[in-house]
Amino acid sequence: MTLTGGINERSPLLGPVDDTGEVDLRDGVSDQEEEEVVVSDGSASVWVEFLHAISPIDVAGWNRRKDKFHLGRIYAVFKAPGLFVLKLTVPLVDYSKRPKHNWSKPLNVFHCVITPVFCVFAASSHFALENLCPRFPMFVIFLIAGVILAIVVFLTSHRDRPPVYHSAFAFFGFISGIMWIKNIANEIVNILQAAGVVFSISNTVLGLTFLAWGNSISDLISDVSMARRGRPRTGLSACFGGPLFNTLLGIGIPFTYATYQHKSFISIKFTAIQLFLFIGLAFSLISSLVVVPLMRFRLKRMYGIYLIVLYVIFLTLALLIERDVIHWTV
């Protein structure tokens, strides 16, 4: 009798008995550990390991879902196409998955080839197709470099354990993830602009409402979560550090790139609504700079209510100015 995984001291000595009368000793083994043991078995072919690594659905846990309406399975099928593409293009290093830390030799070798090509096309298709020399596009250089890197990884790694340079794949995964975020964000902006054209909504209002809410909802959830875990200073610092990062780098990097690409300065049409946005932002920061020290840095509920009321007033006045209900000329 062999065990398919380790049993810790919290696992029961004997698992449930199946219909054949045999004892199942895998009850204390998680699905992920069981999958890694099966995949790392020497009898499994490289092709089987590759298919298992790119599978967007948890095969081992599929039959163990016990939800009455199969909502878990429906959600797994719904997200499978997107997750499949991400698994092909984004290397993932996960130290919570032991003992291989999400290492899969055939998949990571494949990543060495496909990830550089994907990143160069995602960054700029024009740059990827630009010829470095006659009939030699730029993406071919990345493809050749990726093939060479894949050969090196294939010859210097093993299937049953991650190599010493496995953590370097996290860097490639980070770059690839940034490219995905960039392109998805561009598509969302295009969709919002199309909706603005259909419903006669300006880009300023779209950025002030839907785009701002979409960018900030994740920060809101994470900051509130940090505060509830007993780390209010971390959450408060993130409330100011996140917008500061977005303002300085989110504006600085695109404008620097645009001026470099067009070889000239960028002119901005300054309108009344933009002036009001600057005034509203400055007023909220200055008021917080005054109120917080006066409260001896002990933020109470009234301060939170004040900020919420200030935002509602600011948003209402901005929309009224944009719709010309309030006439304000610059």
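Our structure's up above, just so we're on the same page.
On a predicted model such as this, the values are computed, not experimentally measured, just so you know.

Peer 1: Any details on the overall build of the protein chain? Residues and values, ideally.
Peer 2: When you go through the protein chain residue by residue, the secondary structure sums to 12 helices and two strands. Secondary structure elements of the protein chain, listed N to C terminal, follow the sequence α-α-α-α-α-α-β-β-α-α-α-α-α-α. Out of the 330 residues in the protein chain, the part that is buried amounts to 23%. When the accessible area of the protein chain is evaluated, it comes to approximately 23,500 Å², of which 69% is carbon and sulfur surface.

Peer 1: For the pattern of salt bridges, give the residues involved together with the corresponding values.
Peer 2: The final tally for this structure, using the stated rule, is three salt bridges. In this structure, K100 engages E49 in a salt bridge whose closest nitrogen and oxygen atoms are separated by 3.8 Å. Of this pair, K100 sits in the loop between α4 (71-89) and α5 (105-123) while E49 sits in helix α2 (residues 46-54); the two residues are 51 residues apart in sequence, bridging distant segments of the chain. Each member of the pair, K100 together with E49, is buried. Across the salt bridge formed by D160 and R161, the nearest N and O atoms sit 3.5 Å from each other. The partly exposed category is assigned to D160, whose relative accessible area is 44%. The class for R161 is partly exposed, based on a relative accessible area of 44%. Residues joined in a network through salt bridges with shared partners are E49, K100 and R159.

Peer 1: I'd like to hear about empty space enclosed by the protein, residue by residue, with values.
Peer 2: One pass over the structure, following the stated rule, counts two cavities of 30 Å³ or more. Space inside the largest cavity adds up to approximately 60 Å³. Residue lining of the largest cavity: P91, H111, C112, T115, P116, L149, F169 and F172, and that is the complete set. Elements with a contribution of two residues or more to the lining of the largest cavity: α5 and α8 (168-199). At four residues, α5 tops the list of elements feeding residues into the lining of the largest cavity.

Peer 1: How would you sum up the nonpolar core? Please name residues and give values.
Peer 2: Formed by L208, A272, I273, F276, F314, L315, A318 and I321, the largest nonpolar core amounts to eight residues. Mapped onto this core, the elements with two or more residues apiece are α11 (272-294) and α12 (301-322). It is α12 that contributes the most residues to this core, four residues altogether. Not counting chain neighbours up to four residues away, the residues in contact with F276 comprise F314, L317, A318, I321 and W328. By size, the runner-up hydrophobic cluster in this structure holds seven residues, among which are V93, W103, A150 and F169.

About the thresholds
- Residues numbered from 1 in each chain as written.
- Predicted model: local features only at pLDDT ≥ 70, side-chain atom pairs only at ≥ 80, totals over all residues.
- Heavy atoms only, no water.
- Helix = DSSP H or I, 4+ residues; strand = E, 2+ residues; numbered from the N terminus.
- Buried < 20%, exposed > 50% of the residue type's maximum accessible area, 1.4 Å probe, protein only.
- Areas by Shrake-Rupley, 256 points an atom, 1.4 Å probe, with all protein chains shown as cover.
- Salt bridge = Lys/Arg side-chain N within 4 Å of Asp/Glu carboxyl O.
- 1 Å grid on protein atoms, 1.4 Å probe; cavity = no way out; pocket = protein on both sides within 12 Å on 5 of 7 lines; lining within 4 Å.
- Points joined across faces, edges and corners; volume = space filled by probe spheres on them.
- Core = buried A, V, L, I, M, F, W, Y, C linked by side-chain atoms within 4.5 Å.
- Contact = heavy atoms within 4.5 Å.

By themselves these figures say nothing about function.
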